[in-house]
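Close look at the chain arrangement
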Amino acid sequence: MRFNRLTSFLILLFFPLCAASASLDVFVRDATGTAVNGARVLLLDSQRATIAAGSTGGDGHARLEAANGAYLIRTEYPGFAPRSQAVQVTGNAASIEVTMEAKGVAEEVTISATPGVVRDVASTPQAVNVIGEEELRIRAKTVLAQVAEFEPGLHWQRTSPTISGIFVRGLTGAKVNVFVDGVRYSTAAMRGGISSFFNLNDANVLSGVEVLRGPSSAQYGSDALGGSIQLLSRIPSFAPVGQELSGSVSIAGGTADRSFGSSLGASWATTTSAFQVSLSGLRANSLRPGKGEDSHNAVTRFFGLPSSIAVGDRLPNTAFTQFGGSLKGVFALGTDLQLIASYTRGQQEGGQRYDQLIGGDGNLIADLKEMMLDFGYLKLDKRNLGFLDQATLTYSVNSQREERVNQGGNGNRNAAINHEYERTTAHGLQLSFLEQIGHHTISLGGDVTFEKIDAPSFGESATTGVVTVRRGRVPDDATYRQGGIFVQDTFQATDRLSLVGNLRWGGAAYESKASNSPIVGGATLWPDDSLHASALTFRLGGVYDVAGGLSLAASVGRGFRAPHITDLGTLGLTGAGFEANAADLAGRGARVGSTADANAVDLGQDVKQLEPETSLTYEGSIRFRKPAFDANLTVYVNDIKGNIAYQALILPQGAVGTQIGDQTITRQNPNGTVIVPLSSNPVLVRANFDDVRLWGLEYTANARLGSDFSASLVATYQHAEDKRTGLPPNIEGGTPNAEGWLRVRWAPAGKRFWVEPYLRVATDQTRLSSLDLGDRRTGASRSRTSIAAFFNNGARARGLVGNGADGQAGTADDVLIASGETLAQIQARVLGTASSSSLFTQVDGFTVVGLRGGVRLGEGLDALIDFENLTDTNYRGISWGVDAPGFGVYVRLTARF
């Protein structure tokens, strides 16, 4: 009894049961200083749950009541960009002034850099990109990944018209994790250098995107070696009084891809509940690249001739349709208890891998069928729970599915047509607690995700139509579990010094069972395989305000990435080529090659089960911030130990005629590398091959040039090397070009329009790895064998090759109709005396100019117009499977009610 009384006393002393409340006065004005009447003012917590709602009167003033703590003030008014600011409520009355502007105000608040805590970006040690709703609408014209434009440390990656992702400090795919509203979106089926399902998230239902640059495993678990992408959906808020009905409708179209689309959103709210529905659709048609040229077209890659002999100025097989919608509801179950329910559906139809078709490999079939997403969560948020300020419990379900249909052989009409269906379903639980103790804000909790992948596969004979069961890319019914526990302390040490510390233990477990495999030819299609991995990660950083708007920030952190289902179980065609794995190669004397190309040599490293990747990163920033000018220079070093790299597979001589999965090895080089019909590049394996150092510089500057003009400058440079050799490492996706963005905005005070010319400049990227040089999307390698395969198959099937003088097909005098050359003559012209080469040995730099602007046509009616790529430049980024759009005009009209 004595112990219980003492415990109760201590709890009441240090953790008060009820936080003190205070009033918060919000004053909203426009850029001229005029009070804004009728602005909607929301007070949100770190989970973006509505704590209080109000609207301004004629004097631009609104008063809200809230318990002590850190909050997000969001202000909305038709014709102005929504504005978000951090605010600290204490026991005394607090006030905040908000300035609304038509467009272009940079968001200054982050809710993801320190999970559970709302912070001003300038007070966050880790570099973070905060992309607001208006910028998101301007940039994401066709796919969501376009939001990476204009951002330091980010590039967008584009494997096909539908599939793309975001590079964060030179890493992408499985080395960058993705969350939606704080719920894990990435799965263990995520591929190495592409983000297949990223673009199924619709920009029209998001309120913003935040990207943490640098390893974020201490905050967000495995896979965040490059960083973490946080997608923030629109969550409906309560009405200040009575009931409210609001919404918007938008229509848009662009000439570069002849796209057109529309979206509809509507919200209904009372003082205790709110509902929101969103619907959208997009049709993108054939893309016209710059100058109407296709730089990596199969006839250019294999024959060294312009793409115009095979395609017109618009690229075939680049059209697709996307549609989807979302439902959200928020319910006040009590004074301090809220439930948020969310469901999102996204779907893409008609997509194709253009880089595997005439745009690269020359194949005849490379379909992406029924790309679908079903994503939902229930989030229960309780404030003032006993001695805790806040507790949040979340359950989520995430189902991502696709079917890929491929026929290889560089256009061989007789090759098998393989169907690979995959559906990954993940169930997640998250529990977190928050407590403010003096100058410390403590967050702790845990999460766990259970994943299972359904991956049946079959092959169809192109000649007989006979269907046979085959091994899919990954084992059917494979399972994956991951999760961890964490603690975070945000500490305001002094008026000038703030510190943040994160600590997380996380782990993962993978299993595939031979008993789940069908029996084909008296044997299972895959063996038993498993992996257990765990790690302790941390992050520690601080920001020190020197004086006069100058501050210094520094942080150090450890990252962790457990091997995925894709890393451990892949056997089949991927973006990098045909890939095998350790379990399926057991007992065959398999070795890891020194490079990812046909010239690899045996270094004596056996192909074996993968181990986790870990990283240690250091970064520092110099920041200057004044009302008329701000600038930020960040330098970072990220050392990755045990980097999981793609390398060529080396087998003992005599492998020709043996099987790897359902593929027969048709050629083996003297060094032991092997080729299968599905890809003209050597078979690859993943291995913990090297230790990698990535370092870079990131710079931003924003200036107000009087009352009407503003300018922004962004520059990014990154460098990657194998620490042992100094050479570029074989990380799928490669390292993007160094580049800079400049934009100048004219927005006359009190006027209804704004105009913004912008400039993008990228330098040559000459540091290509052996993987990059072989990748059809980057180096576009070709050999005598692959030139012959396309000549005799894909080119002939498309009517580009004719019979020679003997009138018979398939003989030595057959000719390429456009040039009159025989196969031997083409091989000699393209390769000379070499056995192979790459079409490109660098990713060329480029300069792109554009002009965009907006106008307010009436109450709640806005228009945007963007003249893109005015110089019609032909360019692409590293690991892009399709060239960038040429000159085009994009128009969007939005009406709000």
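Please refer to the structure placed before this passage.
Residues numbered from 1 in each chain as written. Predicted model: local features only at pLDDT ≥ 70, side-chain atom pairs only at ≥ 80, totals over all residues. Heavy atoms only, no water.

**Remarks on the overall build of the protein**
- Counting its secondary structure elements, the protein contains eight helices and 56 strands.
- What you see for the protein is a C-alpha radius of gyration of 28 Å, in line with the 29 Å of a compact globule of 897 residues.
- If one aligns the C-alpha atoms of the protein with their principal axes, the spans along those axes are about 95 × 70 × 50 Å.
- The buried share of the protein, reckoned over its 897 residues, is 58%.
- Long-range pairs, those at least 24 residues apart, make up 68% of the contacts in the protein between residues at least 6 apart in sequence.
- Surface summary for the protein: the accessible area is close to 32,600 Å², and the carbon and sulfur share equals 59%.
- On the protein, the mean spot of the 79 positive side-chain charges and the mean spot of the 86 negative ones are 1 Å from each other. (Helix = DSSP H or I, 4+ residues; strand = E, 2+ residues; numbered from the N terminus. Rg over C-alpha atoms; globule rule 2.2 N^0.38 Å. Buried < 20%, exposed > 50% of the residue type's maximum accessible area, 1.4 Å probe, protein only. Contact = heavy atoms within 4.5 Å. Areas by Shrake-Rupley, 256 points an atom, 1.4 Å probe, with all protein chains shown as cover. Lys, Arg positive; Asp, Glu negative; His and termini not counted. Charge placed at Lys NZ, Arg CZ, Asp CG, Glu CD.)

**Overview of the sheet that holds strand 3 (residues 50-55)**
- Pairing is antiparallel across the open sheet formed by four strands, whose spatial order is 3-2-5-6. Looking at the sheet topology across the chains shown, the edges are occupied by strand 3 and strand 6 (83-89). Neighbour-to-neighbour, the strand axes of the sheet open up by a mean angle of 25°, direction not taken into account.
- Bridge count for strand 2 (residues 40-44) against strand 5 (residues 69-76) is five bridges, and the pairing is antiparallel. Residue pairing in the sheet places arginine 40 in a bridge with glutamate 76 of strand 5. (Pairing = 2+ DSSP bridges. Axes fitted to C-alpha atoms, helices over the stretch in contact; angles between N-to-C directions.)

**Considering the environment of valine 89**
- Here valine 89 shows up in strand 6.
- Overall, the relative accessible area of 1% leaves valine 89 in the buried class.
- Between the C-alpha atom of valine 89 and that of tyrosine 71, which follows or precedes it by 18 residues, the distance is 7.6 Å.

**Some thoughts on unusual backbone geometry**
- The phi torsion at arginine 169 lies on the positive side, around 50°, for a residue other than glycine.
- With respect to the element layout, arginine 169 can be found in the loop between strand 12 (164-168) and strand 13 (176-180).
- The exposure class assigned to arginine 169 is buried, which follows from its relative accessible area of 4%.
- Even without glycine at this site, asparagine 410 takes up a positive phi of about 55°.
- Note that asparagine 410 resides in the loop between strand 24 (388-407) and strand 25 (417-437).
- According to the relative accessible area criterion, asparagine 410 is buried, its value standing at 8%.

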